[in-house]
Amino acid sequence: MTKAALISITGDGNKTAMKIRKGLCERGFDVDIFSYVSDKESGIEKIDEGYIKWLGNIFYSYGLIIFVCACGIAVRGIAPYIKDKFTDPAVIVVDEKGRFAVPILSGHVGGANSFALEISNLMGAQAVITTSTDINNKFAVDLFAKKNGLIIGGREEAKRISSNLISGGQVCFLCDKEIKGHIPDEIILSDKGNMGFVVSVYKKRPYEVTLNLIPKKISLGIGCRRNTTAEEIEKAVFEALNKGGIFKEAVNNVGTIDIKKDEKGLSDFCASIGVDIKYFPSRELKDAEGDFSHSDFVSRITGVDNVCERAAALLCPKGEKIIGKTVFKNVAVAAYCDDWSVDFG
C-alpha cells in the first residue's frame, strides 16, 4: 500500500485535495491531507509551524507527496531535502483547479510519472510528463528496474546508460532467466560490448560499463550457536555470498528454526539488512523436500539433521540450491534462489 501525503495551501486547494484523496483511497492508497486551512470534519490536519521545516519532518515518511498549489511553493519546500532519484519520494504538483498533474521529483524510480497519470485519470486532468525518455519514447532502464522489482546496483552506470539511450545509442543486455515482452531495438542481447546492463543475482561485469540490476530472489537459511552476535552472523553470511559471487542485495528473506526466536544477534542481523526472518518448527523442517546434508550433532541439539538448508528450501520451495551448507565458527549458512523473469512489456 502506497502511503501518500496531500499538501494544500488554501481552501480551494483543500477541495481539490479531498477529491484526489477519495480517488486514491478507492485505489488502495493510504492518504493524509495537510493544510494551512484546517478542516477537522474533513480529516484535514493543520500545518502549525513553518512550512519548510515542517515538510522536512514528513518528507521521507511518504512514498508519494502531492502538492495542491503553485509549482514554486512545492519546489522551495522540497529543495532542502532532495537527495537523489534513487531514494527521494515521488513528488507531484496539482493546481488548485485540478487541471494539471505535474511530476517534479522521482518520475521513474519513485513512480511520480505513473502516479501523475493515475491522478489525471481520476480527476480528468492533464498529466504533464517532462522526462526525456518518456517524451522521446526511449527505453528507461530505471523504470524497467522498478517495474521488475530490481535493485539498481550502480547509480553512475545507470545515468551513463540513460544518457546514451537518450542520445540515440544502443546498449547491451544479459539476463539469467526468462525474458518476456518485446526487447526494444536499442537493446542488444550480447555478452560483449562497451556498455550494457545485466539482470542477475551474480556479480557479472561483461561490459566496460556494466550496470547490475539485482533481483531480490535469494532465501537464506541460517543456523547459529547460542548468543552468536549480529557481527559474526553478518561476516559469515557475506563471506558465503561473496564466495558464491552473489550480491548481498539479492537477499530477500531469512529462515531458521523456531528455537532461535530469542537469538538477538540473528534478529538484529536481519534488521540491519532489511529483511524478514521466519522461524520454522523442527517438524516442518523435517518435511522439507530436497537433498540435504546430515549432522548428528545438529540433530541432537535441534531435533532436525540440518537447519540452514531445510529452512532455505522451505522459504523457496520452487527454487534451486545455490549455496549448500557452509559452516563458519558459530554460523551455518545455505542459500536458495527462487525462479524469476523480466518483462519488457
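See the structure above.
Rules of the game
Residues numbered from 1 in each chain as written. Predicted model: local features only at pLDDT ≥ 70, side-chain atom pairs only at ≥ 80, totals over all residues. Heavy atoms only, no water. Helix = DSSP H or I, 4+ residues; strand = E, 2+ residues; numbered from the N terminus. Contact = heavy atoms within 4.5 Å. Pairing = 2+ DSSP bridges. Phe/Tyr/Trp six-rings, centres within 6.5 Å; stacked < 30°, edge-to-face > 60°. Buried < 20%, exposed > 50% of the residue type's maximum accessible area, 1.4 Å probe, protein only. Lys NZ or Arg CZ within 6 Å of the ring centre and 35° of its normal.

Colleague: What's the story with the environment of G255 in this structure? I'm lost.
Modeller: Here G255 is to be found in strand β15 (residues 251-257). Along the primary structure G255 and A17 are separated by 238 residues, whereas in three dimensions their C-alpha atoms are 44 Å apart. In contact with G255, other than residues within four places in its own chain, are L220, G221, I222, K278, F280, A311 and L315.

Colleague: I keep staring at the sheet that holds strand β2 (residues 30-35) and nothing clicks. Help me out?
Modeller: Strand pairing in a sheet relies on backbone hydrogen bonds, with the paired strands running either antiparallel or parallel. If you trace the 7 strands from one edge of the open sheet to the other, you get β3-β2-β1-β4-β5-β6-β7, paired in mixed fashion. Edge positions in the open sheet fall to β3 (44-46) and β7 (126-127), since each of these has one partner strand only. Where strand β4 (residues 64-68) lies against strand β5 (residues 90-94), 5 bridges are found, and the strand directions are parallel. If you follow V68 over to β5, its bridge partner there is V94.

Colleague: What am I meant to see in the packing of aromatic side chains here?
Modeller: Geometrically, a pair of aromatic rings is defined through the distance of the ring centres and the angle of the planes. Across all of its chains, the model carries 14 aromatic pairs by this definition. Centre to centre, the rings of F144 and F173 are 6.4 Å apart; their planes meet at 85°, and the pair counts as edge-to-face. You can see F144 sitting in helix α6 (residues 141-147) and its partner F173 sitting in strand β9 (residues 171-175), a full 29 residues away along the chain. Summarising the burial analysis for this pair, F144 and F173 share the class buried. Look at F144 and F197: their rings are 5.9 Å apart centre to centre, the planes differ by 65°, and that puts the pair in the edge-to-face class. Within this pair, whereas F144 is found in helix α6, its partner F197 is found in strand β12 (residues 195-199), the two being separated by 53 residues in sequence. The exposure class assigned to F197 is buried, which follows from its relative accessible area of 0%. Taking NZ or CZ as reference, K3 lies 5.0 Å from the ring centre of Y62, over its face. Here K83 stacks its cationic end above the ring of Y60, 4.7 Å away from the centre of that ring.

So, to be careful, I would describe these as geometric facts and stop short of saying anything about function.
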